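Listed below are the residues making up each chain.
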Amino acid sequence: MKRFDARNAVVEALKEKGLYKGMKDNKMRLGICSRSKDILEPMIKPQWYVNCKDMADNACKAVRDGELKIIPNQHEVTWFRWLEGIKDWCISRQLWWGHRIPAYLVKIKGVAADPYSTSQWVAAENSEAAMLAAMEKFKAPREDIELEHDPDVLDTWFSSGLFPFSTLGWPEKTKDMENHYPTSLLETGLDILFFWVARMVMMGKQLTGQLPFKEIYLHAMVRDSHGRKMSKSLGNVIDPLEVISGITLDQLVENLKKGNLDPVELDRATLGLKQDYPEGITECGTDAMRFALCAYTSQGRDINLDILRVVGYRHFCNKVWNATRFALMKLGDYRPSEFNAQELTKNTNAVNTWILNAATRAFKLCEEGFKSYDFAQATTAIYNFWLHDLCDFYLETTKPIFSEEDGPIKQKTCETLYTCIELGLRMLHPFMPFITEELYQAIPRRPSDSIPTIMLTSYPQDIPEWNNATIEEELKQCQDIIRAIRSLRTKYNVAPNKKVATYIHAKTDELKNLYAAHSALIKVLAYASSVDVALSSEGRQGCVIDTYNENVSLLLDLSDSLDFAAEVQRMEAKKSQLEAAKEALLKKINIPTYDKVPQKIKEDNDAKLKALEEEIKSLCNTIDSFSK
């Protein structure tokens, strides 16, 4: 009988027997099917279970013994929590699709069959094998046996757990099994660490005697920029194709309407879209999307995906494209010779040496990042090399060199620039395959290079001959002084295209010699008409002065563009503030009980006092130079 008909029949039977006492409402939770609206209730029926205790113990032992590695290792806690407290696993599912459970209920003529007794079942690959097994087990002839195949299918995770070896021909000893099992690495999401990964490990070890893989890399889960799980009802689901190709706000809203959200959820989702994507989603391309997701992996468990960051990497793609095109323009008819790392370091200049050092540093960081699955380290190294080292610094310093007549330094710069572009594209390729392939096909090839695609080139490795810590430190100091000069120009509203005479006053011969040796480089990047380095601490007439640190002062000649009277007035006011701060600090230092103050605080106060005195002195020098 149907369940509701059966209940009515029970009530009628109770009435007939005089046992019916009445009916009253009982508050309860009802499960209702979202599609058919039927009421869902549990139904007791036979289910198959797997005892996982021994298999789980083996899976735990594999991780503890280092035979199986989980990356990041903080997820080992989840692994042990699930497996050490494992229960019997129900593998029966009442679904239309799946692997049908290979179990057959055996019904013997004249004997009542009990489906809840495992002794009444046989397991076999097909009905004929099941019949033979039943005849053997029950010692009955074929005509007395009726088989009923279990209508349930195996749990999806059971079938998936067989995946690493069932796809290779197991249980037969095939060539594929011999060549491809076990594998080395599984990459998957952390949310199915137990549901799928643990099942593959348990079943692989149980059925083949080997672990299906040696390492498990768990990627982060992608959430929206607010850290919320992506949900249709919230309207915050980000379709990667929409980020790659771009989409307007109207189209995003229209896509929502095509779903099955109720009006309240639709209004809330629409509001969320308008708040997060008021201008829609800009077209970012596949390369930027891939690079962004890899760069985000440093966050740990979750990725809070901000589309603006993906847009930023699209701009980075433009930088790579423009840098390569700039290099091709400057290289002209240049044809590269065979690669020789040692030869590139000979008879060259400081910036060429520096960029080679920067390149090999990036190669090393990428290699370390790949080995440890720290993709954020690799993407950061690549980004810094292309954007900051190559584009912002090196390419700018080469412009004067390429404008000169041909000579050994210009030739060496061509060789260095080509090498950096070629190796830089190869370094970037795994993260941005499309733009790097396009640009790689555009650059000239070395004589022996017949590789048709960047995909087949070797990945750049650390080149020890290019390591140069001395030049790295020297040019780091030059980069810092260049930034300080640019900041001083901004402070006094010097037009970007206006070049002014720049002076660097150093108090030590070491610093004077360092900046003098690289003055041509500083001149180019600081937009200076000239750079004069002197061993001095005095001001200059018509120059503004800024204390870079206790040993270096920077001066700009603004005699033709600055209102000196107003500037003197501003500096006098600042000088008064500094003198007041100095007096307040001296009062603290000169108290009778200052000896009891901790040494660390005394040292900090001394440093503050020295800095204040230096800044006051610098202001006085500037005021004096303006007053002359």
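Residues numbered from 1 in each chain as written. Predicted model: local features only at pLDDT ≥ 70, side-chain atom pairs only at ≥ 80, totals over all residues. Heavy atoms only, no water.

- Within an unreviewed UniProt entry, the label attached to the chain reads valine--tRNA ligase, and the organism entered is Acytostelium subglobosum.

**Brief notes about the packing of helix H13 (residues 307–331) against helix H17 (residues 408–428)**
Argument step 1. Across the interface, H13 lies against H17 with an axial gap of 10 Å and an inter-helix angle of 150 degrees. In terms of orientation, H13 lies roughly antiparallel with respect to H17. Relative to H17, the crossing made by H13 is left-handed. From H13, Phe316, Val320, Ala323, Thr324, Ala327 and Leu331 reach across to H17, where they touch Cys414, Leu417, Tyr418, Ile421, Leu425 and Leu428.
Argument step 2. The residue inventory of the contact of H13 with H17, partitioned by class, reads eleven nonpolar, one polar and no charged. (Axes fitted to C-alpha atoms, helices over the stretch in contact; angles between N-to-C directions. Helix = DSSP H or I, 4+ residues; strand = E, 2+ residues; numbered from the N terminus. Parallel < 35°, antiparallel > 145°, perpendicular 65-115°, else oblique. Left-handed = near helix turned anticlockwise from the far one by under 90°. Contact = heavy atoms within 4.5 Å. Nonpolar A, V, L, I, M, F, W, Y, C, P; charged D, E, K, R; others polar.)

**Structural notes on the pairing of strand E17 (residues 543–549)**
Argument step 1. Bridging between E17 and strand E18 (residues 552–557) involves six bridges; their strand directions are antiparallel. Each bridged residue has a counterpart across the sheet, and for Cys543 the counterpart in E18 is Asp557.
Argument step 2. Where E17 folds back on E18, the antiparallel hairpin that results is connected by two residues. (Pairing = 2+ DSSP bridges.)

**A short note on the nonpolar core**
Argument step 1. If you look at the biggest cluster of nonpolar residues, it comprises 112 residues, and the most contacted ones within it are Phe385, Trp386 and Ile522.
Argument step 2. For this core, the leading source of residues is helix H16 (residues 375–402), giving 13 residues.
Argument step 3. If you look at the next biggest cluster of nonpolar residues, it comprises 43 residues, including Phe194, Val197, Val201 and Leu218. (Core = buried A, V, L, I, M, F, W, Y, C linked by side-chain atoms within 4.5 Å. Buried < 20%, exposed > 50% of the residue type's maximum accessible area, 1.4 Å probe, protein only.)

**Some details on the sheet that holds strand E9 (residues 145–149)**
Argument step 1. A sheet is described by the order of its strands in space; here three strands give the open sequence E8-E7-E9, paired in antiparallel fashion. Both outer strands of the open sheet, strand E8 (121–123) and E9, are each paired with one neighbouring strand and no more. Across the sheet, the mean angle separating the axes of adjacent strands is 35 degrees when strand polarity is ignored.

**Side note on the UniProt feature "coiled-coil region" (unreviewed entry) in the chain**
Argument step 1. UniProt's feature table lists "coiled-coil region" (unreviewed entry) at residues 568–622, given in the numbering used throughout.
Argument step 2. With 84% helix and 0% strand, residues 568–622 has end C-alpha atoms that lie 8 Å from one another. (UniProt positions renumbered as here; feature names shortened; annotations may be inferred.)

**Overview of the packing of helix H10 (residues 249–257) against helix H11 (residues 263–276)**
Argument step 1. Interhelical geometry of H10 versus H11 gives an angle of 160 degrees and a closest axis separation of 10 Å. Between H10 and H11, the interaxial angle falls into the category roughly antiparallel. Handedness of the H10/H11 crossing: right-handed. Where H10 approaches H11, its residues Leu249, Leu252, Val253, Leu256 and Lys257 are matched on the opposing element by Leu266, Ala269, Thr270, Leu273 and Lys274.

**Digging into the pairing of strand E12 (residues 215–219)**
Argument step 1. As paired elements, strand E4 (residues 69–71) and E12 share three bridges and run parallel to each other. For Lys69, the partnering residue across the bridge sits in E12 and is Glu215.
Argument step 2. Sheet analysis places strand E11 (residues 185–189) next to E12, joined by five bridges and oriented parallel. Note that in E12 the partner of Thr188 across the bridge is Leu218.
Argument step 3. With helix H8 (residues 193–208) bridging E11 and the parallel E12, this β-α-β connection has right-handed handedness. (Right-handed = clockwise from strand over helix to strand, strands pointing away.)

**A look at the pattern of salt bridges**
Argument step 1. Scanning all chains against the criterion turns up 31 salt bridges.
Argument step 2. Of the charged contacts, one joins Glu84 and Arg64 as a salt bridge, the two residues approaching to 2.2 Å between their closest N and O atoms. With a gap of 20 residues between them, Glu84 in helix H3 (residues 76–84) and Arg64 in helix H2 (residues 53–64) connect regions that are remote in the sequence. Accessibility assignment for this pair places Glu84 and Arg64 in one class, exposed.
Argument step 3. Salt-bridge contacts for Arg361 lead to Asp389; the nearest nitrogen and oxygen are separated by 3.4 Å. Pair noted here: Arg361 is in helix H15 (residues 350–371) and Asp389 is in helix H16, with a separation of 28 residues, a long-range link.
Argument step 4. Its relative accessible area of 31% is what places Arg361 among the partly exposed residues.
Argument step 5. Taking the relative accessible area as the measure of exposure, Asp389 reaches 11% and is therefore buried. (Salt bridge = Lys/Arg side-chain N within 4 Å of Asp/Glu carboxyl O.)

**Thoughts on a nonpolar patch on the surface**
Argument step 1. On the surface, Val10, Leu14, Leu19, Tyr20 and Met23 cluster together into a nonpolar patch covering about 490 Å² of accessible area.
Argument step 2. Mapped onto the fold, Met23 is located in the loop between helix H1 (3–16) and strand E1 (31–32). (Patch = residues over 30% accessible without salt bridge, like charges linked within 9 Å, V, L, I, M, F, W, Y side chains within 5 Å. Areas by Shrake-Rupley, 256 points an atom, 1.4 Å probe, with all protein chains shown as cover.)

**Let's talk about the packing of aromatic side chains**
Argument step 1. By the definition in use, this model includes 22 aromatic pairs.
Argument step 2. Each ring, one from Phe316 and one from Tyr383, has its centre 4.8 Å from the other, and the planes form 40 degrees; the classification is tilted. Pair noted here: Phe316 is in helix H13 and Tyr383 is in helix H16, with a separation of 67 residues, a long-range link.
Argument step 3. Taking the relative accessible area as the measure of exposure, Phe316 reaches 2% and is therefore buried.
Argument step 4. An angle of 75 degrees between the planes, with centres 6.4 Å apart, marks the rings of Tyr373 and Phe375 as edge-to-face.
Argument step 5. A residue is classified by how much of its surface remains accessible, and Tyr373, at 16% relative accessible area, is buried.
Argument step 6. Judged by its relative accessible area of 17%, Phe375 is buried.
Argument step 7. Of the aromatic side chains, those joined through ring pairs into one cluster are Tyr217, Phe291, Tyr313, Phe316, Phe370, Tyr373, Phe375, Tyr383, Phe431 and Tyr459.
Argument step 8. The positively charged end of Arg309 is found above the aromatic ring belonging to Tyr296, 4.3 Å away from the centroid. (Phe/Tyr/Trp six-rings, centres within 6.5 Å; stacked < 30°, edge-to-face > 60°. Lys NZ or Arg CZ within 6 Å of the ring centre and 35° of its normal.)

**Notes on the sheet that holds E17**
Argument step 1. Within the open sheet, the four strands sit side by side as E16-E15-E18-E17. Their pairing is mixed. Of all the strands in the sheet, the pair left with one neighbour each is strand E16 (528–535) and E17. Across this sheet, the average inter-strand angle for adjacent strands is 20 degrees, counted without regard to direction.
Argument step 2. Relative to E18, strand E15 (residues 500–506) is paired through five bridges, and the arrangement is antiparallel. What sits directly across from His505, in E18, is Ser553.
Argument step 3. Against the sheet, helix H19 (residues 469–491) contacts E15, E17 and E18, and its axis sits at roughly 45 degrees relative to E18.

**Looking at unusual backbone geometry**
Glycine aside, residues mostly have negative phi, and peptide bonds are mostly found in the trans state.
Argument step 1. Omega for the peptide link from Ile71 to Pro72 comes to -5 degrees, which places this bond in the cis form.
Argument step 2. Along the chain, the position of Pro72 falls in the loop between E4 and H3.
Argument step 3. A cis amide bond, omega 0 degrees, links Tyr181 with the succeeding residue Pro182.
Argument step 4. Within the secondary structure, Pro182 sits in the loop between helix H7 (175–180) and E11.
Argument step 5. We note that Asn347 has phi near 50 degrees; this positive angle belongs to a residue other than glycine.

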